[in-house]
Structure formats: structure tokens, C-alpha cells
Amino acid sequence: MFDNLSEKLGGILDRLTRRGSLTEADVDAAMREVRRALLEADVSLDVVRSFTEKVREQAIGATVVKSVTPGQMVVKIVHDELIATLGSDGQTIDLNAVPPVAIMMVGLQGSGKTTTTAKLARRLAQRDKRKVLMASLDIYRPAAMEQLAVLGRDLDIPTLPIVAGQKPAQIARRALEAGKLGGYDVVLLDTAGRTTLDEEMMTEAAEIKTSANPHEVLLVADSLTGQDAVNLARSFDERVGLTGIVLTRVDGDGRGGAALSMRAVTGKPIKLIGTGEKTDALEDFHPSRIAGRILGMGDVVSLVEKAAANIDAEKAARVAEKMRKGQFDLADMREQLLQMANMGGISGLMGMMPGVAKMKNQIANAGLDDKILKRQVAVIDSMTRQERKSPDILKASRKKRIAAGAGVKVEDVNKLLKMHRNMADMMKAMGSGKRGPMAGIAQAMGFGGGMPSPEQMKALAEKMPGGAAPGGMPALPKDLPAGLRQGLPNLPGLTGLSNKPTLPGLGGFPGLGKKK
């Protein structure tokens, strides 16, 4: 969503960081560009004025830290001000109340309220282990109630039975009554929307709020709304009283202005963001991480959390053990490719990596997309069990058969085998403790030779200072599976870090060489 803004701000700040010293005129010129970039990204005019004024004030009087150029100092000031505009602390859904905790979803029609209700229900049920009941209060839109019931059935989350002829406020009371009797922890109320703001909708929303007394009132807003999002948030806050905002379609091509404006104008925190159509595509909103993404600094913590949520800890431990022994066959490689696809594919992972934002166009031109992962898995699926276990037996006739089965050329099969061979060699070198960079790293960490065992990793973790202190490792997310706390499993290619992150076979993917 923030691609355009990220590109423009990145260019402006890059020009500044190359300067040894900054004059007031330099800062003014940069702020004019920043103002234009923010206005083009649909950020509200008042917010833009306040933002650039604060940055300018700090940048001109900034005390430059030793070994940091004035330009880099301005980047830091812009980063800190972006975080302040988005809301200094990330806030999550508050469930500290007497159950059943009522959460009311409000917003315009088409902003994704019903889907977001189902996403939130899934998240509360699966991640927070809460017993959730969903209730649709939309008696106007055809099949709105049935839509929520279908989503509930798919996710195995109960929905309130539909009773014809009831008014929304009555349904809300019935939902809370059912929540109490059924021993539910959370009741989600999906209210009706309209295509535009109108008095009738506001009155109805206020009525529901009075009868249900919800603990949270979340405004579901489409991030593609742009400037109008501010009026929407302000109106709902005045009439209903919001406790937070959920931004949907953050994966779309919106320009990011809604996120920056809504928080600054209403003072209400953005609590969640919808990052896709599927019911698992809902994330916590972290201002510092979003600011990092906008300025192209990457979002490594979200990457770790995504890995924690999607990587099967037991499978990962098995693969890690095989790697330690230097056994890494094509079946293991297939597992890693599938895990990578689950984590959002190549584009999803690359978007979170520091410095990759500036290479986006080159990556797009290289034709690097998630179809490559599927194609590689298809090649491995076309092999027999024996062939996956011992790739050395693959001679010309077998390769021809595999290529035909996967719908690719023989050279694509060769590229995959070469990539596997490189990975297997690297795993072997790490496991055996031969001389080389990997063994050197292992020795530097105090393991004498090859790759550390899970026990050694645990001992190392205990020696590390906690938290994100300068000498310590960044704090890992609290819901990280136990198996992953001993160190993340190696994702294909992510082990080859020199200066820049490399993804599996960048340059060694089947089908990358020639355009078809």
C-alpha cells in the first residue's frame, strides 16, 4: 500500500544522506518535497502541515551525533515523526472486561466489515484461545446474515441463529444473552453499513451501542478511501465513540494516506490491518514497523512472527537435524519451498527485508514471482520417491520424463538440481565443521567446529542479554512456538547472508533466464 510514498520519501532522503553538512535551505527544500509526497499519498492537509513543521523544527536545530551525517539524522527525525503520527505505541484489541466481551464493528458498506469480523473471530479463537460468537445485525443487505453464517461454518465458529423480523438493537441484546448462556468469551457484532454516511445509519449505530454497551467499537475502513477516510472516522467518533480502527485492503494499491491521517485526526489507534482476502490475513498494526516499511528499512520482526505462525516447528526441527548431519534431499527442499509460499511467497518476504524496497523495479523486471515456487514444487512432485531421496540417479531420460510431467523444460529441472546441490553442500559444510566461513562463524560463537546443536543454541540464548538492548538480540514474539525458540530453521537461501539478503536461487530459478 505504501509503495508510492516509500519510493518518493526514499528518493528525497537519499539525496540528503549523501550530503556532508545540511543548511537550512537544504532542509526547507527537502520538506517541500516531503509535503508534496504526503499530499500525493492522500494524507490530510492539516496532518501534512503539522508533520513537516515538526520535522523542520527538529532538523534545523538537530544536534548531530558523532559518526552520523546530518542527512542520516534527518532520516531518523522523519522516521520518529512518522511513528508519532501513526501512534507511538501499537495497541491491540482489549479483552479485559467481564465476559462475554462485546466488540461492535461499524463502517460503510463494502469496506469489508463482515469478512473482517470473521478474520477477527478466527484470530481470537485460534491465537488467543477464546470462545467466540458472531452475530450479524445487517437486516438490509441481501444475504448479509447468511454470508456471516457461511464464514462461521467454514471456520467452525458459531454464529447467532437468524430470526426474521427482529431489529438490529434486539439482535444485539439476543446475541449478548446467548453469549452469557453459552459461556462465550467474546461476542462480535457485525452492524449494517450504507454506501455513504447518513443520519439513519448513525442513529441505528448509536442505538445498538446503547443496548449492547460494547467494550470495543472498531471502525472498519477501506484504506483505498483516501481523503474521505478522515471525515468518515471523525463522524463515527462523534456519534458512536470509537475505541479503534481496522484498515482493510492494505495489500491494495492505495497510497497510504488514510493510515497516516485517521490516527492523527481522531487520536484513535489503528489496531489491526487486513492484508488480503483470506481469513488468516489480519495483522496487528505496529507504527514503528510500518514507518520502517515506508522508509524502506524493512520489517524483520514481522518476518520472524510470520515464520513463527506458519512454520511447522516439528517439521522444522526434523529438517534442521538432517541438515546438521549433512542429509538434505529434494523432499526436504520441497517442504521449505512450501513453507516459504505459506509465509506470503517471494514478494511478501522481500517487502519486509531492509533495503529491498529500492530494488522493487529490478525484481519486477526479472519476472520474479510466486509462480516460480509453484513450478519448483511441481518439478519435485513429478519425481518418484527414490529420485527425491537420491537425486544422483537422475540421468537424461528421467529428467525428460520429469520435465514433461511438470510442464517445464529439461534445463529447468537441471537448474533446480543445481540449486539443491548448492544448498546441500552448504548444509554439509555447516554440519561437518570443515574450514570455511560457516565453520569460522560457528567457532566465533564458541562451538569449536560445525553447526551448533539445539542444546548449544539454548545455552547461547541464555547467555544473551534479553530484550532489544544494544548488546542483545531483539525480543522474540511471545506466541512463538517452543520449537522455534531454539533458533529459526533455515529458509532456502536465507542462510547465505553476506551483505544483502538473498532468496532461494535469485538468478538460479527455473524459467528466469529467457522470456517465453
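Calculation notes
- Residues numbered from 1 in each chain as written.
- Predicted model: local features only at pLDDT ≥ 70, side-chain atom pairs only at ≥ 80, totals over all residues.
- Heavy atoms only, no water.
- pLDDT = per-residue confidence, 0-100.
- Contact = heavy atoms within 4.5 Å.
- Helix = DSSP H or I, 4+ residues; strand = E, 2+ residues; numbered from the N terminus.
- Expected span 1.5 Å × (residues − 1).
- Buried < 20%, exposed > 50% of the residue type's maximum accessible area, 1.4 Å probe, protein only.
- Axes fitted to C-alpha atoms, helices over the stretch in contact; angles between N-to-C directions.
- Left-handed = near helix turned anticlockwise from the far one by under 90°.
- Nonpolar A, V, L, I, M, F, W, Y, C, P; charged D, E, K, R; others polar.
- 1 Å grid on protein atoms, 1.4 Å probe; cavity = no way out; pocket = protein on both sides within 12 Å on 5 of 7 lines; lining within 4 Å.
- Points joined across faces, edges and corners; volume = space filled by probe spheres on them.

A.B. asks: Would you mind showing me how to read the confidence of the model for the protein here?
C.D. replies: Note: predicted coordinates in regions of low pLDDT should not be interpreted at a detailed level. Confidence in the prediction for the protein averages 75 pLDDT; 66% of positions are at 70 or higher. A low-confidence stretch, residues 463-478 stays under pLDDT 50, and its non-local contacts, those more than four residues away or across chains, total 17 contacts.

A.B. asks: It is not clear to me how helix α5 (residues 113-126) should be interpreted in this structure. Could you clarify?
C.D. replies: Every α-helix winds through 3.6 residues per turn, so residues three or four apart in the chain are directed the same way. With 14 residues, α5 should reach 20 Å at 1.5 Å per residue; the first-to-last C-alpha distance of 20 Å fits that figure. When you tally the buried positions in α5, you get 10 out of 14 residues, the bulk of the element.

A.B. asks: How should I be thinking about the packing of helix α9 (residues 228-239) against helix α10 (residues 257-266) in this particular structure?
C.D. replies: Angle between the axes and distance between the axes: these two values describe a pair of packed helices. For the pair α9 and α10, the least separation of the axes is 9 Å and the interaxial angle reads 35 degrees. Judged by the sense of rotation from one axis to the other, the crossing of α9 with α10 is right-handed. Across the interface between the two elements, Ala-229, Val-230, Ala-233, Arg-234 and Asp-237 of α9 pack against Ala-258, Ser-261, Met-262, Val-265 and Thr-266 of α10. A class-by-class count of the residues in the contact of α9 with α10 yields 6 nonpolar, 2 polar and 2 charged.

A.B. asks: Where do I start with empty space enclosed by the protein in this structure?
C.D. replies: With a probe scaled to a water molecule rolled over the atoms, the places where space remains empty come into view. Across all of its chains, the model carries 5 cavities of 30 Å³ or more by this definition. Considering only enclosed or pocket space, the largest cavity measures out at about 80 Å³ in volume. Secondary-structure elements contributing two or more residues to the lining of the largest cavity are β2 (132-136), α6 (144-155) and α7 (168-182). The element best represented in the lining of the largest cavity is α6, accounting for 3 residues. When grouped by side-chain class, the residues that make up the lining of the largest cavity number 9 nonpolar, 2 polar and 1 charged.

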